[in-house]
Amino acid sequence: MNLKIIRSVQTMMDEIKMLKDKTIGFVPTMGYLHDGHLSLAKEARKENDIVAMSIFVNPLQFGPNEDFERYPRNEEEDRRRAEKIGVDYLFIPKVEEMYPEKMGINMSIHQGTDVLCGKSRPGHLDGVITVLTKLFHIIQPTKAYFGLKDAQQFAVVNTLVSELNFPIKLVGLPTVREEDGLAKSSRNVYLSDNERKEAAVLYEALTFGQKLIVDGIKNPVTIIKEVKNFIAKKTSGKIDYIELLSYPDLSEIRAIESRVILALAVHFNQARLIDNIILEADGTHVSKID
Ligand code: AMP
């Protein structure tokens, strides 16, 4: 099937209805597609009859002083990249199409949101679950594909889908990285040349933390302190958070006894970058969850 670009909610729903019992793999994105997004689409292509991808920079998930207005956008290039992978539908609604009026309903999630980005970006995860609820109803996917780069988002979407009984299977896929380890992100374009070089420290710090766990250190406080020092020494970026929590429930822990996430956020001049690594108690990397 040739790629179809759809901008209207009603047209998208009509198309989905015509697909009847075909399996649909869905990849929600904010566009400015890179290899991370495309890895999700490739997996969706392998596992489903139809692949739908959405491109929507969702104002509800941005705070008042965040980068909604200047978030990078390039529809033409996105279209070329999606087409190459064999995406069937690109759903690109305008803000007015998704939110024709001020919402009369608020969705709010409290599980797993008082830590990490949930704490640093109040309302962000509520915005994420609101838009995903709408997108899941519009697309009605069999499976939805997410990157573990946004591991808290993946945990929260799991809660959404299981507690509100969406008949959707979620797939969490590995973080795609640049050669020096920096996680691919649409926001990397905000970095100056010097910051771009320094940004590799995020992943170096995570693998350093992983090594401490493999070496048998079980105390999260010790690991966080070491990782903090590691980052502070190597970059001008300001640490927003470094946390070591259980995964997927994102609770604080006294000792590493089961699956954990080591996650961090660092502010550079124009960009706030996040990264994480999910590990078993012995330090083995968990790269995929499905
Ligand atoms: P975004 O456009 O940033 O909202 O991301 C859309 C989807 O792509 C989310 O599920 C992200 O977790 C995923 N994603 C973003 N960056 C990467 C990456 N480097 N590797 C894998 N998945 C990613």
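Keep in mind it's a predicted model, so treat the numbers as computed, not measured.

The rules behind these values
- Residues numbered from 1 in each chain as written.
- Predicted model: local features only at pLDDT ≥ 70, side-chain atom pairs only at ≥ 80, totals over all residues.
- Heavy atoms only, no water.
- Axes fitted to C-alpha atoms, helices over the stretch in contact; angles between N-to-C directions.
- Helix = DSSP H or I, 4+ residues; strand = E, 2+ residues; numbered from the N terminus.
- Parallel < 35°, antiparallel > 145°, perpendicular 65-115°, else oblique.
- Left-handed = near helix turned anticlockwise from the far one by under 90°.
- Contact = heavy atoms within 4.5 Å.
- Nonpolar A, V, L, I, M, F, W, Y, C, P; charged D, E, K, R; others polar.
- Pairing = 2+ DSSP bridges.
- Buried < 20%, exposed > 50% of the residue type's maximum accessible area, 1.4 Å probe, protein only.
- Arc of directions from axis to C-beta.
- Near = heavy atom within 4 Å.
- Polar contact = N/O pair within 3.5 Å; in protein donor to acceptor, adjacent residues only side chain to side chain.
- Areas by Shrake-Rupley, 256 points an atom, 1.4 Å probe, with all protein chains shown as cover.

(A) Region of interest: the packing of helix α9 (residues 201-214) against helix α10 (residues 220-234). Between α9 and α10, whose axes approach to 9 Å, the crossing angle comes to 150°. Relative to α10, the element α9 lies roughly antiparallel. The handedness of the crossing between α9 and α10 is right-handed. Of the residues in α10, those in contact with V201, E204, A205, F208, G209, L212 and I213 of α9 are I223, E226, V227, F230, I231 and K234. Taken together, the residues of the contact of α9 with α10 break down into nine nonpolar, one polar and three charged.

(B) Seen up close, the sheet that holds strand β1 (residues 4-6). Strands sit in the order β1-β4-β3-β2-β5-β6 across an open sheet of six strands; the sheet is parallel. Looking along the sheet, the strands with just one partner apiece sit at the ends: β1 and β6 (169-173). Going across the sheet, the axis of each strand differs from the next one's by a mean of 25°, ignoring polarity. Across six bridges, the pairing between strand β2 (residues 24-29) and strand β3 (residues 50-55) is parallel. Bridge pairing in β3 places P28 opposite S54.

(C) Layout of helix α3 (residues 75-85). All of the buried residues in α3 are D78, A82 and I85. Burial along α3 is one-sided: seen end-on, the buried residues are contained in an arc of 55°. On its buried face, α3 is in contact with α2 (35-47), β3 and β4 (89-91). Trailing α3 by a residue or two, G86 shows a phi angle of about 95°, which is positive.

(D) Highlighting the site of the ligand. Neighbouring the ligand are 16 residues; M30, H37, D150, V176 and K184 lie closest to it. One nitrogen or oxygen atom from the main chain of M30 is found 2.9 Å from an oxygen atom belonging to the ligand. V176 places a polar main-chain atom, nitrogen or oxygen, 2.8 Å from a nitrogen atom of the ligand. For the ligand, whose accessible area on its own is 480 Å², the fraction buried by protein is 93%. For the shell around the ligand, the secondary-structure elements that each account for two or more residues are β2, α2 and β5 (143-147). Along the lines of polarity and charge, the residues of the shell around the ligand split into seven nonpolar, six polar and three charged.

Everything listed is a geometric property; what it means functionally is a separate question.
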